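Fold and geometry: a report
Spelled out, the chains give:
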Amino acid sequence: MPVLDFDPLDPAYRADPYPSYHRLRREAPVYRTPRGHWLLSRYRECAEVFRDRRFGHGSGRVLQENSFRRPVEGRSKPFILLDPPEHTRLRSLVNKAFTPRIVDRLAGRIQEVVDALLDEVVGAGPVDFMATFAHPLPVTVISELLGVPAADRHLIKELSHVVARGVDPDFRHEPDQVRRRAEAFTAFDEYFRALIAERRDRPAADLLSELVAARSEGEGLTEGELLTTCILLYVAGHETTMDLLGNGVLALMRNPGEWRRLRDDPGLAESAVEELLRYDPPTQMSRRTVLADVEIDGYPIAEGEQVVILRGAANRDPEVFPDPDRLDLTRRDNRHLAFDGGIHFCVGAPLARLEGRIAFASLARRAPGLTLAGGELGYRDNLIIRGLAALPVDARS
């Protein structure tokens, strides 16, 4: 196996990871890092790991020894970090509350929020797209969906950023970061515990009330499971959608021909969302634990070892996506891996897609003259979630 200088902590990688991904796929598509983690960069291996039940998240000794992700002590693990049968039970309960009916009825409200935000952006001169649109849209939507009052959203937003930073591998975190992550979880618990108690007494027309009432064979979510699920849905429900919007607008501004296509036909927004998710996905990688000895592309990998699926690399594999570095809003058969896969396929994917479709179609109609406003672009200091710290744009037209 070759020794590569692949360094995901390098600022140059964060600004543009795709040259590194191409080199990995070409020289070492199954690569064992000096830390002992296996990196997969070809689509076929990544997709297979998502489907193969010999790969999961592990429990007991395997999870405790996992240097990539250890559980937060004393907390219920979110269902995305569980294996069957625990994952199956919790996922089925969440699915009962997170139905297409609930998502579909949000379309009108999402359009209202998008229009109100664009009222502040269009014609205002240079603004930070992340602060004025990409962040407040999904925060408003997931807050209203879960029943978080508007007055509390600033507090919850700050907690969410700390938790989102904490999804990076544990070896990246200094002791102070681990402490702040634990404190954020405690504050989240306190907040949602009070909100859950309120919904038990007075159910409302929101997702939290649906989660409280959800039952499977007479069994509902425990309070610990409810708390963990609320935090997961809140954080995942806006952090990654925010980056879909920011990364997507940047890609469109850098590809003016595709931006013109969308402006000329806002009906392309649905396929545009899929292509933008493929082209520069918010979540660049996923992690799995080997639950039984396996072999990948001739390499034996032992039980307990960690496999990292490089979604961003798989999404640009030329074996699956012709001309993969080209943004093509009409790309057909777009089987990207931006939403993970297998039993862990993102439960919030329909909501993210709906928000993206409405947002990009509205931008094309109301801000056809949108341009980058100049200035250096910087990315937030995350490894797994890749998103812009700021995106200066000008929507005067």
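Residues numbered from 1 in each chain as written. Predicted model: local features only at pLDDT ≥ 70, side-chain atom pairs only at ≥ 80, totals over all residues. Heavy atoms only, no water.

1. Observations concerning the packing of aromatic side chains
Scanning the model with the defined rule gives 9 aromatic pairs in all. Considering the side-chain rings of W38 and Y299, the 5.8 Å spacing of their centres and the 50 degrees angle between planes classify their relative orientation as tilted. With W38 in strand β2 (residues 38-40) and Y299 in strand β7 (residues 299-301), this residue pair connects regions lying 261 residues apart in the sequence. Residue classification places W38 among the buried positions, given a relative accessible area of 5%. The exposure class assigned to Y299 is partly exposed, which follows from its relative accessible area of 29%. Both rings, one in F339 and one in F345, keep their centres 5.9 Å apart while their planes meet at 65 degrees; by these two values the pair is edge-to-face. Ring pairs connect the aromatic residues F188, Y191, F192 and Y234, which therefore count as one cluster. The ring of F321 has R278 lying over it, and the distance from NZ or CZ to the ring centre is 5.4 Å. Sitting over the face of the ring of Y279, R316 holds its NZ or CZ atom 4.2 Å from the ring centroid. (Phe/Tyr/Trp six-rings, centres within 6.5 Å; stacked < 30°, edge-to-face > 60°. Helix = DSSP H or I, 4+ residues; strand = E, 2+ residues; numbered from the N terminus. Buried < 20%, exposed > 50% of the residue type's maximum accessible area, 1.4 Å probe, protein only. Lys NZ or Arg CZ within 6 Å of the ring centre and 35° of its normal.)

2. Focus: the sheet that holds strand β3 (residues 55-56)
Ordered in space as β1-β2-β8-β5-β3, the 5 strands form an open sheet in which the pairing is mixed. What marks the edges here is a single partner per strand, and that holds for β1 (30-32) and β3. Strands β1, β2, β3, β5 (285-290) and β8 (306-310) of the sheet are contacted by helix α3 (residues 43-51), whose axis makes an angle of about 125 degrees with β8. (Pairing = 2+ DSSP bridges. Contact = heavy atoms within 4.5 Å. Axes fitted to C-alpha atoms, helices over the stretch in contact; angles between N-to-C directions.)

3. Some thoughts on the sheet that holds strand β4 (residues 126-128)
Read across the open sheet, the 3 strands follow the order β4-β10-β9; overall the sheet is antiparallel. Because the sheet does not close on itself, it has two edges, and the strands there are β4 and β9 (371-372). Pairing of β9 with strand β10 (residues 392-394), which is carried by 2 bridges, proceeds in the antiparallel orientation. Bridging across to β10, T371 finds its partner in D394.

4. Some thoughts on the side chain of S286
With respect to the helices and strands, the residue S286 is situated in strand β5. Residue S286 is classed as buried on the basis of its relative accessible area of 6%. Within the local environment of S286, its side chain forms a polar contact with the side chain of D340, the two groups lying 2.9 Å apart. When neighbours within four sequence positions are excluded, S286 is seen to be in contact with F50, V307, V308, I309, R311 and D340. (Polar contact = N/O pair within 3.5 Å; in protein donor to acceptor, adjacent residues only side chain to side chain.)

5. Focus on empty space enclosed by the protein
Under the defined criterion, the tally for this structure stands at 3 cavities of 30 Å³ or more. Roughly 50 Å³ of internal volume is contained in the second largest cavity. Considering only residue class, the lining of the second largest cavity consists of 5 nonpolar, 2 polar and 2 charged. (1 Å grid on protein atoms, 1.4 Å probe; cavity = no way out; pocket = protein on both sides within 12 Å on 5 of 7 lines; lining within 4 Å. Points joined across faces, edges and corners; volume = space filled by probe spheres on them. Nonpolar A, V, L, I, M, F, W, Y, C, P; charged D, E, K, R; others polar.)

6. Regarding helix α5 (residues 86-97)
Compared with an ideal rise of 1.5 Å per residue, which puts 12 residues at 16 Å, α5 spans 18 Å between its outermost C-alpha atoms and is within 8% of the ideal. Regarding α5, the residues found buried are H87, L90, R91, L93, V94 and A97. In a view along the axis of α5, the buried residues occupy a sector of 160 degrees, so they form one face of it. Packing partners of the buried residues in α5 comprise α6 (100-104), α12 (207-213) and α13 (223-254). (Expected span 1.5 Å × (residues − 1). Arc of directions from axis to C-beta.)

7. Describing the pattern of salt bridges
Under the defined criterion, the tally for this structure stands at 34 salt bridges. In this structure, the salt-bridge partner of R109 is E112, at a minimum N-O distance of 3.1 Å. Of this pair, R109 and E112 both sit in helix α7 (residues 107-121), 3 residues apart, roughly one helical turn. For R261, the salt bridge identified is with D328, shortest N-O distance 3.4 Å. A residue pair is termed long-range when its members are at least 10 positions apart, and R261 in helix α14 (residues 256-264) and D328 in the loop between α16 (311-314) and α17 (349-366) qualify at 67 residues. Each of R42, R44, E45, D297 and E319 takes part in salt bridges that share partners, so that together they form one network. (Salt bridge = Lys/Arg side-chain N within 4 Å of Asp/Glu carboxyl O.)

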